[in-house]
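Listed below, chain by chain, are the residues.
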Amino acid sequence: MLKSARAIKAYFEHKLRMPFELLTEAPQTSMNGDIAFSADMHPHGLWGIRPSVPLAGEQELEVFNMFHTILNGVDKVEQKREDLHRLHGKLAQMHEELPSNVIPLRRTRMFERPTPSNDQRWVLKLDCLIESKHVSEIHKMAMELHAHSRRYAFVDFRDLDGTKRTNLPELLSLGAISLFVPELMTLSMTEQDVLKNLMKTGTVQRPLLMVGTGLPFSELRTLPGVHIEFLTLLSRAYIKLSKPFSEYKDQGLIHYFLDCLSQNPT
């Protein structure tokens, strides 16, 4: 929680070009311009934020809304994690209490993913553009790359709230996930610009883009609805599926793609 608050603080210090003080407890004397967080944040040691100069009304509202949205989202995720942990404990206890003559139908432990010792995981560092005439093939390749990565979740960009898709701090707060865009041409210029800025940050702890396209790179460059800088950054890793995905998998070429995506951008 504190790490997220510091990241948002750094974002506004850069954007507004002024220092901020993160208040970890209620100040003895409140100053004009202090922005208090909701009471839900107080138990986490986060009381509010203090700009070096009082902000205008719109700026103050933007700062409050950003902290409120992201910190409350992080808090809810943590609560869900704790709920799942408690549920796992209850299920384990129920399993132990089963009579000896009852055989459980499911022996694998819930909420755990089997990871064989020889199941290598790649630290993917390069966003990629995947070309195919079929969206289903693009999805299969993206899912396969994600499955062999150390990314903790695979999220479809379309499932995000519209405001989050154009909000860089909120996208960064998603952490080390795989962010999938089935078709580049469905992105607005604003979304492409935000994703361009996303790609300019370090990849290990931020969403990694896997973007599909039904058009070849040469055509994309000529279209008015394509952000050229975004496309250039994205195409540093370009996977063109000229054959069915199953053939690439059967021939073991997935590991080649994973090795390429694990290298540092050039």
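Predicted model, so just to flag it, every value in this text is computed and none were measured. (Residues numbered from 1 in each chain as written. Predicted model: local features only at pLDDT ≥ 70, side-chain atom pairs only at ≥ 80, totals over all residues. Heavy atoms only, no water.)

**Notes on the confidence of the model for the chain**
Note the threshold: The predictor attaches a confidence to each residue, called pLDDT, with possible values from 0 through 100. Starting at the N terminus, helices and strands are each numbered in turn, a helix being any DSSP run of H or I of at least four residues and a strand any DSSP run of E of at least two. For this analysis, residues touch if any pair of their heavy atoms sits within 4.5 Å.
Per-residue pLDDT for the chain has a mean of 82; in total, 82% of the residues score no lower than 70. Per-residue pLDDT, averaged within each element of the chain, yields its smallest value for helix α2 (residues 57-96) (71) and its largest for strand β7 (residues 208-213) (96). Throughout residues 100-118 the model reports pLDDT below 50, and contacts reaching past four residues in sequence, or to other chains, amount to 13 contacts.

**Focus: the sheet that holds strand β5 (residues 154-156)**
Going by this rule: A pair of strands counts as paired when DSSP detects no fewer than two bridges linking them. Orientation is described by lines fitted to C-alpha atoms, with helices fitted over the stretch in contact, and by angles between N-to-C directions that extend from 0 to 180 degrees.
In space, the five strands of this open sheet follow the order β5-β6-β7-β4-β8, with parallel pairing throughout. This sheet does not close on itself; its edge strands, each paired only once, are β5 and β8 (238-240). Strand-to-strand twist across the sheet, computed as the mean angle between neighbouring axes with direction ignored, equals 20°. Pairing analysis gives three bridges linking β5 to strand β6 (residues 178-181), with the strands arranged parallel. Among the inter-strand pairings, Asp156 is bridged to a residue of β6, identified as Phe180.

**Regarding the packing of aromatic side chains**
Put simply, the rule is: Each pair of aromatic rings taken from Phe, Tyr and Trp, with Trp reduced to its six-membered ring, is defined by centres within 6.5 Å and is described as stacked if the planes are under 30 degrees apart, edge-to-face if over 60, and tilted in the remaining cases. Here's how the labels work: a residue is buried when its accessible area is under 20% of the maximum for its type, exposed when over 50%, partly exposed in between, all with a 1.4 Å probe on protein chains only. As a reminder, the over-ring test applies to NZ of lysine and CZ of arginine, requiring each to be within 6 Å of the ring centre and within 35 degrees of the ring normal.
Tallied over the entire structure, the rule returns seven aromatic pairs. Arranged with centres 5.1 Å apart and planes meeting at 70°, the rings of Tyr11 and Phe12 form a pair that is edge-to-face. The exposure class of Tyr11 is partly exposed, given its relative accessible area of 26%. Here Phe12 falls in the buried class, since its relative accessible area comes to 2%. Through a chain of ring-to-ring contacts, three or more aromatic side chains come together here, namely Tyr11, Phe12, Phe37 and Phe67. Here the guanidinium or amino end of Arg165 rests over the ring plane of Phe157, the centre of that ring lying 5.9 Å away.

**Comments concerning the environment of Leu22**
Looking at where Leu22 falls in the secondary structure, it is placed in strand β1 (residues 20-23). As a C-alpha pair, Leu22 and Ala5 span 17 residues in sequence and 8.0 Å in three-dimensional space.

**Focus: the sheet that holds strand β3 (residues 48-51)**
If you walk across this open sheet you meet the three strands as β1-β3-β2, and the pairing is antiparallel. Sheet topology places β1 and β2 (35-36) at the edges, where each strand pairs with a single neighbour. For β2 and β3, the ladder comprises two bridges, and the chain directions are antiparallel. Bridge pairing links Ile35 to Ile49 in β3. Contacts from helix α1 (residues 2-16) reach β1 and β3, with the element oriented near 160° to β1.

**Section: unusual backbone geometry**
The phi dihedral of Arg17 is positive, around 55°, even though this residue is not glycine. Relative to the helices and strands, Arg17 is located in the loop between α1 and β1.

**Points about the pairing of β3**
By the alternation rule, side chains of β3 split into Gly48 and Arg50 and Ile49 and Pro51, which are all buried. For β1 and β3, the ladder comprises four bridges, and the chain directions are antiparallel. Among the inter-strand pairings, Phe20 is bridged to a residue of β3, identified as Pro51.

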